[in-house]
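# Residue-level structure breakdown
Listed here are the chains, written in short residue letters.
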Amino acid sequence: QSMIRECGIQFLRRDPYTPAELVSLFNLVKSKIIAEPGLEVFYFPSYEQLATAVQNKAWLESQGIRMSSPDRWAKGNAVYACGWALGTMKYVAPDEIDEAYRNGTLLAGDVLLTEAVPAEVPTVAGIIALTPSTPNSHVAILAGTYGIPFVHLAVQADAQRALELVGRRVVLIGQEEYGVADT
């Protein structure tokens, strides 16, 4: 049995945390982790927190906070929520998802393809992310609850194929098999 030697901490909210708030919260959560000595703890900024985190990266590092993402553990495509969906593949930028849903460009019966998944997305038939999320994210938990497939396409050929299918009717199958997505 191998010991876990790394973990990531992520904070969610729509408004960015100030660097001081982030340091305080990070250190509080880190102090509550029960683990063997030597555990490396990283900050995984959520989509909404990423711009501020990148802007303040040097300062955060000077405070002992190293940034990373779930990419560091990705070994291929990942399934965050199993299920299947039939719908039109729609590419929408992360910060345009809510507006696309409000104006009818993105519908409940569509398969959403996006670069990164914000903390909340409207109900759609399926979700495909081109950057990793976390299996315990709010979106992943809700997708699992409602049987909405939610996958991350880490394999470049698969991501390219998904982009080629934008505007077409597709079937998305999120099925966990040996830890790899079958999409």
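That block above? That's the structure.
Read on for a plain summary of the structure.

### Structural notes on the packing of aromatic side chains
Under the criterion given, the structure shown has three aromatic pairs. Taking the centre distance of 6.3 Å and the plane angle of 35° together, the rings of Phe11 and Tyr43 count as tilted. Of the two residues, Phe11 is situated in the loop between strand 1 (6–9) and helix 1 (19–32) and Tyr43 in strand 2 (residues 40–43); the sequence distance between them amounts to 32 residues. Each member of the pair, Phe11 as well as Tyr43, is classed as buried. In this structure an aromatic cluster arises from ring pairing among Phe11, Tyr17 and Tyr43. The residue whose ring lies beneath Arg72 is Phe42, and the NZ or CZ to ring-centre distance is 3.9 Å.

### Quick look at the sheet that holds strand 1
Strand order in the open sheet made by the three strands is 1-2-3, with parallel pairing throughout. Strands at the two margins of the open sheet, each flanked by one partner only, are strand 1 and strand 3 (66–67). Relative to strand 2, strand 1 runs parallel, the two sharing four bridges. Within strand 2, the position partnered with Cys7 by the bridge is Val41. Sitting on the sheet, helix 1 is in contact with strand 1 and strand 2, with an inclination near 150° to strand 2.

### Some details on empty space enclosed by the protein
Tallying each qualifying case throughout the model produces one cavity of 30 Å³ or more. When its volume is computed, the largest cavity comes out at roughly 50 Å³. What lines the largest cavity is Tyr17, Pro19, Leu22, Tyr43, Gln49, Thr52, Ala53, Asn56 and Leu60. Of all elements in the fold, only helix 1 and helix 2 (47–55) reach the threshold of two or more residues within the lining of the largest cavity. Among the elements that make up the lining of the largest cavity, the one with the highest residue count is helix 2 (three residues).

Calculation criteria
Residues numbered from 1 in each chain as written. Predicted model: local features only at pLDDT ≥ 70, side-chain atom pairs only at ≥ 80, totals over all residues. Heavy atoms only, no water. Phe/Tyr/Trp six-rings, centres within 6.5 Å; stacked < 30°, edge-to-face > 60°. Helix = DSSP H or I, 4+ residues; strand = E, 2+ residues; numbered from the N terminus. Buried < 20%, exposed > 50% of the residue type's maximum accessible area, 1.4 Å probe, protein only. Lys NZ or Arg CZ within 6 Å of the ring centre and 35° of its normal. Pairing = 2+ DSSP bridges. Contact = heavy atoms within 4.5 Å. Axes fitted to C-alpha atoms, helices over the stretch in contact; angles between N-to-C directions. 1 Å grid on protein atoms, 1.4 Å probe; cavity = no way out; pocket = protein on both sides within 12 Å on 5 of 7 lines; lining within 4 Å. Points joined across faces, edges and corners; volume = space filled by probe spheres on them.

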